[in-house]
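# Inside the fold
Next come the chains, spelled out residue by residue.
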Amino acid sequence: MISIALVGDRSPAVRAHSRVPAILDALREEQQIDLDAYWVPTPDATDPAALARFGGIWLVPGSPYRSEEGAITAVRTARTEGIPFLGTCGGFQHAMLEFARDVCGFAEARHAENSAGAGALITELSCSLVGHEGAINLTPGSRIERLLGTARTVERYHCAYGVSPAYIDLLAAHGMLFSGHDDSGDVRVAELPEHPFFLATLFQPELHPDGVHPVIRGFAQAVLSAREAQPASR
C-alpha cells in the first residue's frame, strides 16, 4: 500500500475534508488503487522530514492554514523532490506562493488572507466563488485537458482568493503553465509540465458529485506510477 500525505488542518466543518474517505474508497473500488492517507497538520509540515516517506502530497482546502510555512514547505518538498503533488483551493494558492518565492525570486510574495501590505500575490477575488460553480476553458495538450478529456469543464468552488493578474506573467516566465481559465480569462488551474505530476486547481475536485474526479484519479495514478518506477526511492 502506498502512503500519501493529506496536508491540511482537518476539520469536520470543511466539506472537502469529509469527502476524502469516500474518494479513497471509490479509488480502491473503481481503479484498484489503494492509497493509505495520513493527515499531516500544517504546523507539522514545516519539517520536510515529516513528508519524506510519502509517495504523494495533497495540499487540501481549508485556508487560512494554521501554518502558512507548513503549507509552503509541503509544496516545496513535492516540487523539488519530484513527488506527485495536488493542490486544491488553498493548496493552489500556496503552490503559487511557493513558486513565486522560491523560483521567481519574489521573496515578499504574500497571501492577502494571511498578511497585509505590499506584494499580494494572492488577492481577494472581485467576485467570491464560495459555493459557486463555474466554467473553465482548458489549454489544449495540457495535463488537465488530457485528464478531463475535454476543452471545457464546469467545476465547483469554495474560495474567495486567487492569483493577482499583476503577477501572472512573472510566474509564467519561470515555467508555471496556467492551463485553465474562466470565461473572463482569470486563472483557475496551474501545472508544471516538466514535473512528474504537479497540478493545482482553484476549484475543489473533492466536491465532484459522481465518483472520483479525473484530477484526483490522475494524481492517484501518478503516485502509483512513481512508486512502480522507483520502488526503493521512498
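Structure shown above.
Before going further, it helps to examine the sheet that holds strand E3 (residues 56-59). In spatial order, the strands read E2-E1-E3-E4-E12-E11-E10-E7-E8; together these nine strands make up an open sheet with mixed pairing. Unpaired on one side and paired on the other, strand E2 (35-40) and strand E8 (152-156) mark the two borders of the sheet. Within this sheet the neighbouring strands show an average axis-to-axis angle of 25°, counted without direction. Inspection of the sheet shows strand E10 (residues 177-181) paired to strand E11 (residues 187-191) by four bridges, in the antiparallel sense. Among the inter-strand pairings, Gly180 is bridged to a residue of E11, identified as Val189. Lying over the sheet, helix H3 (residues 90-102) contacts E3, strand E4 (85-88), E10, E11 and strand E12 (198-201), oriented at roughly 115° with respect to E4.

One face of the sheet, then the other: side chains in a regular strand alternate in exactly this way. Burial of the side chains of E3 extends over both faces: Gly56 and Trp58 are buried on one face and Ile57 and Leu59 on the other. Looking at chain direction, strand E1 (residues 2-7) and E3 are connected through four bridges and run parallel. Note on E3: the bridge partner recorded for Ala5 is Ile57. Both E3 and E4 contribute to a ladder of three bridges, which runs parallel. By the bridge assignment, Ile57 is partnered in E4 with Phe85. Viewed along the sheet, the connection from E3 through helix H2 (residues 68-81) into E4 turns out right-handed.

Moving on to the pattern of salt bridges. Following the criterion strictly, the structure yields eight salt bridges and no others. Ionic pairing is found between Asp102 and Arg76, a salt bridge with its closest N-O pair at 2.5 Å. With a gap of 26 residues between them, Asp102 in helix H3 and Arg76 in helix H2 connect regions that are remote in the sequence. What makes Arg76 partly exposed here is its relative accessible area of 31%. Across the pair Arg79 and Glu98 runs a salt bridge whose closest N-O atoms are separated by 2.7 Å. Residue Arg79 is found in helix H2, and its partner Glu98 is found in helix H3; the two are separated by 19 residues along the sequence.

This part is about the pairing of E1. In terms of burial, E1 is a largely internal element, six of the six residues being buried. The alternating pattern of E1 places Ile2, Ile4 and Leu6 and Ser3, Ala5 and Val7 on opposite faces, both of which are buried. Taken together, E1, helix H1 (residues 15-31) and E2 form a β-α-β motif whose crossover is right-handed.

Mapped onto the secondary structure, Ser67 falls in the loop between E3 and H2. Judged by relative accessible area, which is 11%, Ser67 ranks as buried. Excluding residues that lie within four positions of it along the chain, Ser67 makes contacts with Thr42, Pro43 and Thr46.

Procedures and definitions
Residues numbered from 1 in each chain as written. Predicted model: local features only at pLDDT ≥ 70, side-chain atom pairs only at ≥ 80, totals over all residues. Heavy atoms only, no water. Pairing = 2+ DSSP bridges. Helix = DSSP H or I, 4+ residues; strand = E, 2+ residues; numbered from the N terminus. Axes fitted to C-alpha atoms, helices over the stretch in contact; angles between N-to-C directions. Contact = heavy atoms within 4.5 Å. Buried < 20%, exposed > 50% of the residue type's maximum accessible area, 1.4 Å probe, protein only. Right-handed = clockwise from strand over helix to strand, strands pointing away. Salt bridge = Lys/Arg side-chain N within 4 Å of Asp/Glu carboxyl O.

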